[in-house]
Structure formats: structure tokens, C-alpha cells
Amino acid sequence: MTRDDRPPPLEDLDARLKAARSCQADKRDDKSEDRKTSELGPALRMGSDLVAGVAVGAFIGWALDRWLGTQPWLMIVFFLLGAAAGFYNVYRSAKQTTGVAATDSGDNGDQDSPSDGTKKE
Amino acid sequence: MADPLAQFEVKTIIPLQVGGIDISFTNSSLFMSLAVLGASGFLVLGARYGAAVPGRWQSMTELTYEFISNLIKETIGPEGRRYFPIIFTLFMFILFGNMLGMVPYGYTFTSQIIVTFAMAAVVFVGVTILAFAKHGLHFFSFFTPPGSPVWMWPLLIPIEIISYLSRPLSLSVRLFANMMAGHTLLKVIAGFVFSLSVFGVVPLAFVVAVTALEILIAFLQAYVFTLLTCLYIKDALELH
């Protein structure tokens, strides 16, 4: 019995190494989830994401207006599109940070509220 | 009271003119060089022994390496390893820039919009080239949100394009605004210390607290810039 156990079977060394490594990788993933900085970091993104969308939209509108000579109109249109893009940026970054379960409920809430609003109007 | 914005002034140290272009060595360039030297020195000297049981310094270098390595693994996945050098360099450069700004009489080059915008533009252009190299013209499908009806596309595609173009602006403005606002706030509060004589203790205590907060912000902004670079690379690799 002891004789059979003593030489470590080298044939399945690869498989055992792989198993051990994947086990460690799982442990690391579990640990990284409760890091506090990853909560605060994305929260600081959202303000500038919103502003940048509006600014880029308004700038594109202003530049197109100057080029095509359609003074206020394209700027108004692109300002609104930029605002939409800004909100979309914030929505997307919120979706990335919160867990899958949270986004599912958030999705439903978001889809419900605009349809409710249009019904009232 | 001293001008709280005087700290952001770019001062020429060694005047240089090449072909009518001003490439003088300024205090901003000095601190950029210091950041590069500091980051390289920190890593090279920390890893010089390569001990199996790391000392304090080596632990710190290993910690920074693992931090970015794990960040890439979490956000991009295993194929993100290829982009480790650029991501790690960006993180160390911004981190050292922000931290050198916290040293008294230091200069914060990340509080200049042109510096942060240059870094954001490099990331933006690089990521766009990467996406084109990886997917060719299929890249444009990035601007059509999945699962949306075709009749919505005329509205959604401009929104997606604006959202994509707003990335470098958002990336640069965030870092610049945070650093500049924090340093201005510090100087303004510090100005009250002398004008309030004995009661100057109150703003002095406040300055100490804000300095601690600023060190946190300095780290966090470097982290956020790096995190977003990772997310953009992931978008370029996967398209959605």
C-alpha cells in the first residue's frame, strides 16, 4: 500500500495543477468582490459622464450649425441628443456597477415608469 | 490672502525654442519627469532583490502589481493581460502625479486639462484603433444597441455616437476637475488660517481633514481613470 502511494503519479500532475489553480482563482474572485474602493470609484464617474454627454452634443450641434448655416436648430436638436447620451452614459455605468439581480429590477422599474408617464400624459 | 489659483501657474524653468515652437522645460515638465523617475525608482528598486519572502518595499511593489493585475482580470478577462503594460504605466503615472501634488510646494500636473486630455485622447484613439483592427468595419455595429427595434435606430445611433465621443472629455474633465477643485479648496481654507488669528485653529483642523480626503481622492482618481481604460478596452474587444 505505502509503496504505491509514495511515487506521486506524474501523469495527472497537469490536471491536479489546473484544479488547484482554478480553485485559487475562485477564491480570489470571492475576495475581490467585497473591496470597498470599487464601490466609491464608479460613483465618482457619473457626474462627469452626464456633463460630457451634454457638452459634446451641444458642441457638435454648434459646429454643424456654423458649417451648414442653420443657426439655432441643429444645436437645439444635438443638445437634447447630448442630454440623452449623458443620461444613457449614467444609466450604463450604473448598470455595470450594480449586480445582475439589481439591474434586472432596475430595468423593470425604468421600463415601467416612462410608460406610466406617457399614459398619464 | 494669496491667490488660490496661483499654484496652477506654469512657470518656465529652462527656456527652449525649437523651430519657433516653445518647448521650454517648465515646472509641469519637471514634475512629470519626477513622476516617471519616482514610479520607475519605486518599482525597480523595490524589486531589486526579488526575495521569495518580500520585505516591506517589495510587498508594496507587489501589491500595486497585483492590484492592477486583478483589476484587468476582473474587467477585461484573461485576454486583457496583453494590455497590462499600458494600463499599469497609466496608473502609476497618474498616481505619482496626483501624489506629488500633495507634497507641499509641489506642482500637480494632473490639474492641467491639457495633460489629462492628452492622456484621455491617447486612450480614446488607441481603443478605437484596437476596435478597428479587431473587428474591421464590423466596429460600426457598436453604435446599434442590441435588442432595439430598427425604427428606433435613427434616434439611437446619434445618441450612441455622442456617448462614444463624450468618453475622452468625460475621462479628462473628471481627473482635471477633481484635482483642481481639491487643491483650490485647500488653498482657500488655508488662507483663512491667518486672517482669523486665534480662531484660525478651526480652518487649520479643516485643512488637515481635507488633506487626508485629497490623498484618498488622488488615489481614487488614478484608479477610476485606469478602471475606465480597462472598460473601454473591453468594449473594443467585445463590442457590447
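Residues numbered from 1 in each chain as written. Chains lettered and ligands numbered in written order. Predicted model: local features only at pLDDT ≥ 70, side-chain atom pairs only at ≥ 80, totals over all residues. Heavy atoms only, no water.

> What exactly am I supposed to notice about the overall build of chain B here?
A count of helices and strands for chain B gives 6 helices and 4 strands. Counting from the amino terminus, chain B carries its helices and strands in the arrangement β-β-β-β-α-α-α-α-α-α. For chain B, contacts bridging at least 24 residues in sequence account for 68% of all contacts bridging at least 6. Roughly 12700 Å² of accessible area belongs to chain B as shown, and the carbon and sulfur atoms make up 76% of that amount. (Helix = DSSP H or I, 4+ residues; strand = E, 2+ residues; numbered from the N terminus. Contact = heavy atoms within 4.5 Å. Areas by Shrake-Rupley, 256 points an atom, 1.4 Å probe, with all protein chains shown as cover.)

> Explanation requested: the side chain of Gln-112 of chain B in the structure shown.
As for its placement among the helices and strands, Gln-112 of chain B is situated in the loop between helix 3 (84-102) and helix 4 (113-135). Among all residues touching Gln-112 of chain B, those that are not within four sequence positions of it are Phe-8, Val-10, Tyr-107 and Phe-176 of chain B.

> Any chance you could explain the confidence of the model for chain A here in plain terms?
In regions of low pLDDT, the predicted coordinates are not meant to be interpreted in detail. Residues and elements named next belong to chain A. Confidence in the prediction of chain A, expressed as mean pLDDT, is 68, and 54% of residues score 70 or more. The secondary structure element of chain A with the lowest average pLDDT is helix 5 (residues 100-120), at 39, and the one with the highest is helix 4 (residues 71-97), at 85. Here residues 100-121 scores under 50 on pLDDT; set against residues more than four positions off or in separate chains, the count is 5 contacts. (pLDDT = per-residue confidence, 0-100.)

> Explain the nonpolar core to me, please; I cannot follow it from the model alone.
Nonpolar side chains tend toward joint burial in soluble globular proteins. Ile-68, Ile-87, Met-119, Phe-225 and Ile-233 of chain B are the most contacted members of the largest nonpolar core, which has 53 residues in total. Secondary structure elements with two or more residues in this core: helix 1 (27-46), helix 2 (56-75), helix 3, helix 4, helix 5 (153-195) and helix 6 (201-238) of chain B. Residue contributions to this core peak at 14 residues, all from helix 6 of chain B. Leave out the neighbours within four places in its chain, and Ile-68 of chain B touches Phe-84, Ile-87, Phe-88, Phe-91 and Thr-226 of chain B. The next biggest cluster of nonpolar side chains, apart from the first, holds 6 residues, and it includes Phe-78, Leu-81 and Ala-85 of chain A together with Ile-162 of chain B. (Core = buried A, V, L, I, M, F, W, Y, C linked by side-chain atoms within 4.5 Å. Buried < 20%, exposed > 50% of the residue type's maximum accessible area, 1.4 Å probe, protein only.)

> Mind showing me how you'd approach the environment of Gly-47 of chain A here?
Topologically, Gly-47 of chain A is positioned in helix 3 (residues 37-68). In sequence terms Gly-47 of chain A and Asn-89 of chain A are 42 residues apart; their C-alpha atoms lie 10.0 Å from each other.

> Would you explain the interface of chain A and chain B in this entry?
Note: interface size is frequently given as the accessible area lost on complex formation between the parts. In this complex, chain A contributes 27 residues to the contact, which on the side of chain B involves 25 residues. With both sides pooled, the region where chain A packs onto chain B buries about 2200 Å², and carbon together with sulfur makes up 66% of that total. Put simply, chain A and chain B have 2 salt bridges between them. Here Asp-49 of chain A and Arg-174 of chain B are joined by a salt bridge, their closest N and O atoms 3.3 Å apart. For the interface between chain A and chain B, the tally reads 7 residue pairs in polar contact (both at pLDDT 80 or more). Among the elements of the structure, helix 2 (13-33), helix 3 and helix 4 of chain A are those that each provide at least two residues to the side of chain A that touches chain B. (Buried area = accessible area lost by both parts, 1.4 Å probe. Salt bridge = Lys/Arg side-chain N within 4 Å of Asp/Glu carboxyl O. Polar contact = N/O pair within 3.5 Å; in protein donor to acceptor, adjacent residues only side chain to side chain.)

> What should I look at first to understand the environment of Ala-94 of chain A in this one?
Residue and element names in this part refer to chain A. Along the polypeptide, Ala-94 turns up in helix 4. The class of Ala-94 is partly exposed, set by a relative accessible area of 26%. The spacing of Ala-94 and Met-46 is 48 residues in sequence and 8.2 Å in space, taken between C-alpha atoms.

> Looking at this structure, how should I read the packing of aromatic side chains?
The geometry of an aromatic ring pair comes down to the distance between the two centres and the angle between the two planes. Residues and elements named next belong to chain B. Tallying each qualifying case throughout the model produces 20 aromatic pairs over all chains. Residues Phe-42 and Phe-96 carry aromatic rings whose centres are separated by 6.0 Å and whose planes lie at 50° to one another, so their mutual orientation is tilted. With Phe-42 in helix 1 and Phe-96 in helix 3, the pair connects residues that are 54 residues apart, well separated along the chain. Just as Phe-42 is buried, Phe-96 falls in that class too. An aromatic cluster is defined as three or more aromatic residues linked by ring pairs; in this entry it consists of Phe-124, Phe-132, Phe-139, Phe-140, Phe-142, Phe-143 and Tyr-164. Its guanidinium or amino end placed over the ring of Phe-84, Arg-81 lies 5.2 Å from that ring's centre, counting from NZ or CZ. (Phe/Tyr/Trp six-rings, centres within 6.5 Å; stacked < 30°, edge-to-face > 60°. Lys NZ or Arg CZ within 6 Å of the ring centre and 35° of its normal.)

> Help me understand helix 2 of chain B, please; the structure alone is not making it clear to me.
Side chains that are three or four residues apart share a direction in an α-helix, a result of its 3.6 residues per turn. Residues and elements named next belong to chain B. Between its terminal C-alpha atoms helix 2 stretches 29 Å, which fits the 28 Å expected from 20 residues at 1.5 Å a residue. Along helix 2, the positions that sit buried rather than exposed are Gln-58, Thr-61, Thr-64, Phe-67, Ile-68, Ser-69, Leu-71, Ile-72 and Thr-75. Against helix 1, helix 3 and helix 6 lie the buried residues of helix 2. At the C-terminal side of helix 2, Gly-77 shows a positive phi close to 105°. (Expected span 1.5 Å × (residues − 1).)

> Explanation requested: the pattern of salt bridges in the structure shown.
Two side chains bearing opposite charge may form a pair once their charged atoms approach each other closely. All names here are of chain B. Taken as a whole, this structure holds 3 salt bridges over all chains when the rule is applied. Taking the shortest distance from any N to any O, the salt bridge between Arg-167 and Asp-235 comes out at 2.7 Å. Placement of the pair is Arg-167 in helix 5 and Asp-235 in helix 6, with a sequence separation of 68 residues. Of the two residues, Arg-167 and Asp-235, neither departs from the other in class, the shared state being buried.

> Quick question: what am I supposed to make of the packing of helix 3 of chain B against helix 5 of chain B here?
Two quantities define a packed helix pair, namely the angle between the axes and the distance from one axis to the other. All names here are of chain B. Packing of helix 3 against helix 5 leaves a shortest axis separation of 11 Å and a crossing angle of 10°. Taken together, helix 3 and helix 5 sit at an angle that is classed as roughly parallel. Counting all contacts with helix 3, which are made through Ile-94, Asn-98, Gly-101 and Met-102, the residues of helix 5 involved are Leu-175, Met-179, His-183 and Leu-186. A breakdown of the residues in the contact of helix 3 with helix 5 according to their chemical character gives 5 nonpolar, 3 polar and no charged. (Axes fitted to C-alpha atoms, helices over the stretch in contact; angles between N-to-C directions. Parallel < 35°, antiparallel > 145°, perpendicular 65-115°, else oblique. Nonpolar A, V, L, I, M, F, W, Y, C, P; charged D, E, K, R; others polar.)

> Please clarify how unusual backbone geometry should be interpreted in this entry.
A negative phi angle characterises most non-glycine residues, just as the trans form characterises most peptide bonds. Residue and element names in this part refer to chain B. Of note in the backbone geometry, Tyr-105 takes a positive phi value of approximately 70° without being a glycine. Assignment of secondary structure puts Tyr-105 in the loop between helix 3 and helix 4. Given a relative accessible area of 85%, Tyr-105 falls into the exposed group.

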